[in-house]
Amino acid sequence: QVQLVESGGGLVQAGGSLRLSCAASGRTFSNNAMGWFRQAPGKEREFVVVTTWSGLITYYADSVKGRFTISRDAAKNTVTLQMSSLKPDDTAVYFCVAGRYDSKSYSSSASYSYWGQGTQVTVSS
């Protein structure tokens, strides 16, 4: 089993920054990818970013490209999402995910077997 524990999030004004972290435990991740999804009230869960554990492959959703940056620390089994220039539309519950990387379906929530409990990000206008 894999456990993912998120931290960070909170309330920030538009244009501000926040950092989310996700600590993984329970298995090695050399063949897995980790990333983030988000879900706003009344909307479907949305892909945000994924990175392979090697860090060689990273994909961002167009809506966050240039504003969000994912990084990983293999030694600590953690990934961090640095979010800048936040907008009210970024308001959502953010979920850390882990699973086997698939180049054709990396943006699908079904590709990830493991999910964190979610952390709220609220951006005020």
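Let me begin by describing the structure that accompanies this report.

Procedures and definitions
- Residues numbered from 1 in each chain as written.
- Predicted model: local features only at pLDDT ≥ 70, side-chain atom pairs only at ≥ 80, totals over all residues.
- Heavy atoms only, no water.
- Helix = DSSP H or I, 4+ residues; strand = E, 2+ residues; numbered from the N terminus.
- Buried < 20%, exposed > 50% of the residue type's maximum accessible area, 1.4 Å probe, protein only.
- Contact = heavy atoms within 4.5 Å.
- Pairing = 2+ DSSP bridges.
- Axes fitted to C-alpha atoms, helices over the stretch in contact; angles between N-to-C directions.
- Core = buried A, V, L, I, M, F, W, Y, C linked by side-chain atoms within 4.5 Å.
- Disulfide = S-S within 2.5 Å.

### Observations regarding the side chain of Thr119
With respect to the element layout, Thr119 can be found in strand β11 (residues 119–124). In this structure Thr119 comes out as buried when scored by relative accessible area, which is 12%. If sequence neighbours within four positions are ignored, Thr119 has contacts with Glu6, Gly8, Gly9, Leu20, Ala92, Val93 and Tyr94.

### Section: the sheet that holds strand β1 (residues 3–8)
Strands pair in a sheet through their backbones, by hydrogen bonds, and they do so in one of two ways: parallel or antiparallel. The antiparallel open sheet is built from four strands, whose spatial order is β1-β3-β8-β7. Among the strands making up the open sheet, the edge pair consists of β1 and β7 (68–73). With direction set aside, neighbouring strand axes in the sheet form an average angle of 15°. Sheet analysis places strand β3 (residues 18–25) next to strand β8 (residues 78–83), joined by six bridges and oriented antiparallel. Residue pairing across strands places Leu18 opposite Met83, the latter belonging to β8.

### Considering the pairing of strand β4 (residues 32–39)
Summarising burial for β4: seven of the eight residues are buried, a large majority. As paired strands, β4 and strand β9 (residues 92–100) are joined by eight bridges and run antiparallel to one another. Paired with Met34 across the strands is Ala98, a residue of β9.

### Thoughts on the side chain of Thr80
When you line up the elements, Thr80 lands in strand β8. When its relative accessible area of 17% is taken as the criterion, Thr80 is described as buried. In this structure Thr80 touches Arg19, Leu20, Ser21, Thr69, Ile70 and Ser71, once residues within four positions along its chain are discounted.

### A short note on unusual backbone geometry
Glycine aside, the phi torsion of most residues is negative, and most peptide linkages are trans. One non-glycine residue, Asn77, adopts positive backbone phi at about 55°. Along the chain, Asn77 turns up in the loop between β7 and β8. One non-glycine residue, Ser85, lies in positive phi territory at about 50°.

### Re the pairing of β8
Sheet analysis places β7 next to β8, joined by six bridges and oriented antiparallel. Pairing of Asp73 across the sheet is with Thr78, part of β8. The loop that links β7 with its antiparallel partner β8 comprises four residues; one of these, Asn77, has a positive phi angle of about 55°.

### Looking at the nonpolar core
Of all hydrophobic cores here, the largest spans 34 residues; its most connected members are Leu4, Met34, Trp36, Leu81, Met83 and Tyr94. Listed by contribution, the elements that provide at least two residues to this core are β3, β4, β5 (46–52), β7, β8, β9 and β11. Broken down by element, the residue count for this core peaks at five residues, all from β9. In this structure Leu81 touches Leu18, Arg19, Leu20, Trp36, Val48, Val49, Phe68, Thr69, Ile70 and Tyr94, once residues within four positions along its chain are discounted.

### Notes on the state of the cysteines
This model, assessed by the stated rule, comprises one disulfide. Disulfide pairing is shown between Cys22 and Cys96; the S-S distance is 2.0 Å. Across the S-S bond of Cys22 and Cys96 the torsion is about -85°, and the bridge reads as left-handed. Taken as a pair, Cys22 in strand β3 and Cys96 in strand β9 lie far apart in primary sequence, 74 residues in all. For the pair formed by Cys22 and Cys96, the shared burial category is buried.

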